[in-house]
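Structural overview for review
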Amino acid sequence: MESRININEVEPDAYKAMFALEGYIQKSGLDKKLYELIKIRASQINGCAFCLDMHTRDARKLGESEQRIYVLNAWRETNFFTEEEQAALAITEEITNIQGHVSTETYNKAVSILGDKKTAQVIMAAVTINAWNRIAITTHLMPAQA
């Protein structure tokens, strides 16, 4: 892949704004393991190798199991995820695949399970990782080989 611009070097204020949004989510009270699941699932859908590498590592550091990480893209086919996690993953998928819009059913289910505040936090988490994915994919950000 050809080398592309490094937005952090070319437009550091843009990265500062993204990190401010990231900082909000970190301080919001959203469970850190749930946030990593959101990041991984959106990154799977978007095909962002850099973010998948980063967030699967981060999830493992937080104690997330290998098994749950491996089956995350088929979470509906397992009983490994709590009702809260399922609601967060469902709305994350619809936000990531926004062309189909977020269905009323998915939105209402998220609010009924997560409540207004946590639903807002999950929405912002999904929006943020989707933005990071788009930056990484567009600029060809590559994970370091282990």
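The notes below deal with the structure included here. Every value quoted in this text rests on a predicted model; they were computed, and no experiment measured them. Throughout this document, residue positions are counted from 1 along each chain, in the order its sequence is written. Given that the model is predicted, a residue must reach a pLDDT of at least 70 before its local features are reported, and side-chain atom pairs must reach 80 or more before they are shown or counted; all residues, however, enter totals for whole chains, interfaces and linings. As a convention, hydrogens and water are excluded, and side-chain values are obtained from all of the structure's heavy atoms.

1. Comments concerning the overall build of the protein chain
When helices and strands are counted, the protein chain shows seven helices and zero strands. The numbering of helices and of strands both runs from the N terminus, where a helix is a DSSP run of H or I of at least 4 residues and a strand a run of E of at least 2. Walking the protein chain from its N terminus toward its C terminus, one meets helices and strands in the order α-α-α-α-α-α-α. For 146 residues, the compact-globule formula gives about 15 Å, and the C-alpha radius of gyration of the protein chain, at 15 Å, lands near that figure. Overall, the protein chain is about 45 × 30 × 30 Å in size when its C-alpha atoms are taken along their principal axes. Split into buried and exposed, the 146 residues of the protein chain put 38% on the buried side. A fraction of 67% describes how many contacts in the protein chain between residues 6 or more apart in sequence connect residues 24 or more apart. Per-residue accessibility takes into account occlusion by the displayed protein chains alone, with areas from the Shrake-Rupley method and a 1.4 Å probe. Here the protein chain displays about 8300 Å² of accessible surface, and carbon together with sulfur accounts for 54% of that area. Our radius of gyration looks at C-alpha atoms and nothing else; its globule reference is 2.2 Å times the residue count to the power 0.38. Each residue is assigned to one of three classes by its accessible area relative to the maximum for its type, calculated with a 1.4 Å probe on protein chains only: buried under 20%, partly exposed between the two thresholds, exposed over 50%. We call two residues in contact when some of their heavy atoms are within 4.5 Å.

2. Details of helix H7 (residues 104-138)
If you check H7, its first and last C-alpha atoms are just 31 Å apart, much less than what 35 residues at 1.5 Å a residue would give, namely 51 Å. What we call the bend at a residue is the angle made by axes fitted to the seven residues finishing there and the seven residues starting there. At Gly115, H7 shows its largest bend, some 115°. Given the number of residues in a helix, its expected span is that number minus one, multiplied by 1.5 Å.

3. So, helix H2 (residues 12-27)
Over its 16 residues, H2 runs 22 Å from end to end, which matches the ideal 22 Å to within 8%, given 1.5 Å per residue. Among all positions in H2, only Tyr15, Met18, Glu22 and Ile25 are buried. Axial view of H2: buried residues confined to an arc of 75°, hence all on one face. Exposed positions of H2 whose direction lies more than 90 degrees from the buried face are Asp13, Lys16 and Lys27. Its buried side turned inward, H2 meets helix H1 (7-10), helix H3 (32-46) and H7. Within two residues after H2, Gly29 carries a phi angle of roughly 100°, on the positive side. Summarising the geometry, the arc corresponds to the directions from the helix axis toward the C-beta atoms.

4. Here we look at the packing of aromatic side chains
To pair, rings of Phe, Tyr and Trp, with the six-membered ring standing in for Trp, must have centres within 6.5 Å; the planes then decide the type, stacked if under 30 degrees apart, edge-to-face if over 60, and tilted in the middle. Within the structure shown, the criterion is met by three aromatic pairs. Note on Tyr15 and Phe19: the rings are 5.7 Å apart at their centroids and 65° apart in plane angle, and the pair reads as edge-to-face. Here Tyr15 pairs with Phe19, and both are found in helix H2, just four residues apart, close to one helical turn. For Tyr15, a relative accessible area of 12% puts it in the buried group. Judged by its relative accessible area of 48%, Phe19 falls in the partly exposed class. With centroids separated by 5.3 Å and ring planes inclined at 75°, the aromatic side chains of Tyr15 and Trp132 adopt a geometry described as edge-to-face. Placement of Tyr15 in helix H2 and of Trp132 in helix H7 is noted, with a sequence separation of 117 residues between them. Both residues of the pair, Tyr15 and Trp132, belong to the buried class. An aromatic cluster is built from Tyr15, Phe19 and Trp132, whose rings are joined through pairwise contacts.

5. Digging into the state of the cysteines
To count as a disulfide, a pair of cysteine sulfur atoms needs to be within 2.5 Å. Evaluation of the coordinates by the stated rule reveals zero disulfides. No disulfide involves Cys48; its sulfur sits 3.4 Å from the nearest other cysteine sulfur, which is in Cys51.

6. Quick word on the packing of H3 against helix H4 (residues 49-61)
Two measures define how a pair of helices packs: the angle their axes make with one another and the distance between the axes. What counts as an axis is a line fitted to C-alpha atoms, over the stretch in contact for a helix, and the angles between N-to-C directions run from 0 to 180 degrees. Here H3 crosses H4 at 155°, and the two axes come no closer than 9 Å. Overall, the two elements H3 and H4 adopt an arrangement that is roughly antiparallel. When you trace H3 past H4, the crossing you get is left-handed. Contact residues: Glu36, Lys39, Ile40, Ser43 and Gln44 in H3; Cys51, Leu52, His55, Thr56, Asp58 and Ala59 in H4. Class assignment for the residues of the contact of H3 with H4 results in four nonpolar, four polar and three charged. Oblique is the label for every angle not falling under 35 degrees (roughly parallel), over 145 degrees (roughly antiparallel), or within 65 to 115 degrees (roughly perpendicular). Left-handed describes a crossing whose near helix is turned anticlockwise from the far helix by less than a right angle; the clockwise case is right-handed. Three categories are distinguished: nonpolar for Ala, Val, Leu, Ile, Met, Phe, Trp, Tyr, Cys and Pro, charged for Asp, Glu, Lys and Arg, and polar for the others, with Gly belonging to the last.

7. Here's the deal with the pattern of salt bridges
By convention in these notes, a salt bridge is any Lys or Arg side-chain nitrogen within 4 Å of a carboxyl oxygen on Asp or Glu. On inspection of all chains with the given rule, the structure shows 11 salt bridges. Linking Glu93 and Arg41 is a salt bridge whose minimum nitrogen-to-oxygen distance equals 2.7 Å. Remark: Arg41 occurs in helix H3 and Glu93 occurs in helix H6 (residues 83-96); sequence separation between them is 52 residues. Residue Glu93 is classed as buried on the basis of its relative accessible area of 9%.

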